[in-house]
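Structure assessment
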Amino acid sequence: MQKEGTVKFFNATKGFGFISQNDNRSEIFVHVTGLIDEIRDNDQVAYDVEEGRKGLNAINVKVI
C-alpha cells in the first residue's frame with residue numbers, strides 16, 4: 001500500500017531529500033533513483049517504503 005506525504009526538502013543537484021510522512025509526521029529519505037516523477041519542495045507525493053542500508057527509503061515516488 002502506498003503512503004502519502006509532503007516533500008520537505010529535495011536537492012536535485014545532490015539527488016536526495018526528505019519527505020514528511022502524512023501518517024506520523026516523521027521524515028523518510030528519498031534518493032533520485034527512487035523517483036517516478038520529478039519532485040520539488042512542498043509537492044504532495046505518494047510512495048512505497050523499502051529498507052535501505054541506513055534505514056527506510058521512499059521509492060516509486062510520484063506527485064499526486
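The rules behind these values
Residues numbered from 1 in each chain as written. Predicted model: local features only at pLDDT ≥ 70, side-chain atom pairs only at ≥ 80, totals over all residues. Heavy atoms only, no water. UniProt positions renumbered as here; feature names shortened; annotations may be inferred. Pairing = 2+ DSSP bridges. Helix = DSSP H or I, 4+ residues; strand = E, 2+ residues; numbered from the N terminus. Axes fitted to C-alpha atoms, helices over the stretch in contact; angles between N-to-C directions. Core = buried A, V, L, I, M, F, W, Y, C linked by side-chain atoms within 4.5 Å. Buried < 20%, exposed > 50% of the residue type's maximum accessible area, 1.4 Å probe, protein only. Contact = heavy atoms within 4.5 Å.

In the nomenclature of an unreviewed UniProt entry, the protein chain corresponds to Cold-shock DNA-binding protein family from the organism Mucilaginibacter gossypiicola. Looking at the protein chain in UniProt, the text filed under Subcellular location (unreviewed entry) is "Cytoplasm".

Moving on to the sheet that holds strand E3 (residues 27-31). In spatial order, the strands read E1-E2-E3-E5-E4; together these five strands close into a barrel with mixed pairing. Taking the axes of each pair of neighbouring strands and ignoring which way they run, one obtains an average angle of 50° across the sheet. Bridge count between strand E2 (residues 16-21) and E3: five bridges; the pairing is antiparallel. Across the sheet, residue Phe16 finds its bridge partner in E3, namely His31.

So, on to the UniProt feature "domain: CSD" (unreviewed entry) in the protein chain. Here the UniProt feature "domain: CSD" (unreviewed entry) sits at residues 2-63. Secondary structure over residues 2-63 splits into 0% helix and 61% strand, and the C-alpha atoms at its two ends are 12 Å apart.

What follows covers the pairing of strand E5 (residues 55-63). Pairing between E3 and E5: two bridges, direction parallel. If you follow Phe29 over to E5, its bridge partner there is Asn57. Relative to E5, strand E4 (residues 44-52) runs antiparallel, the two being bridged by seven bridges. Bridging from a neighbouring strand, Val49 pairs with Ala58 of E5. Where E4 hands over to E5, the hairpin turn is made up of two residues, counted between the paired strands.

Now for the nonpolar core. In terms of nonpolar packing, the biggest core is built from ten residues, these being Val7, Phe10, Ile19, Ile28, Val30, Ile39, Val45, Tyr47, Ala58 and Val61. Only strand E1 (3-11), E3, E4 and E5 provide two or more residues apiece to this core. Aside from chain neighbours lying at most four places away, what touches Val7 is Phe18, Ile19, Ile39, Arg40, Asp41, Asn42, Asp43 and Val45.

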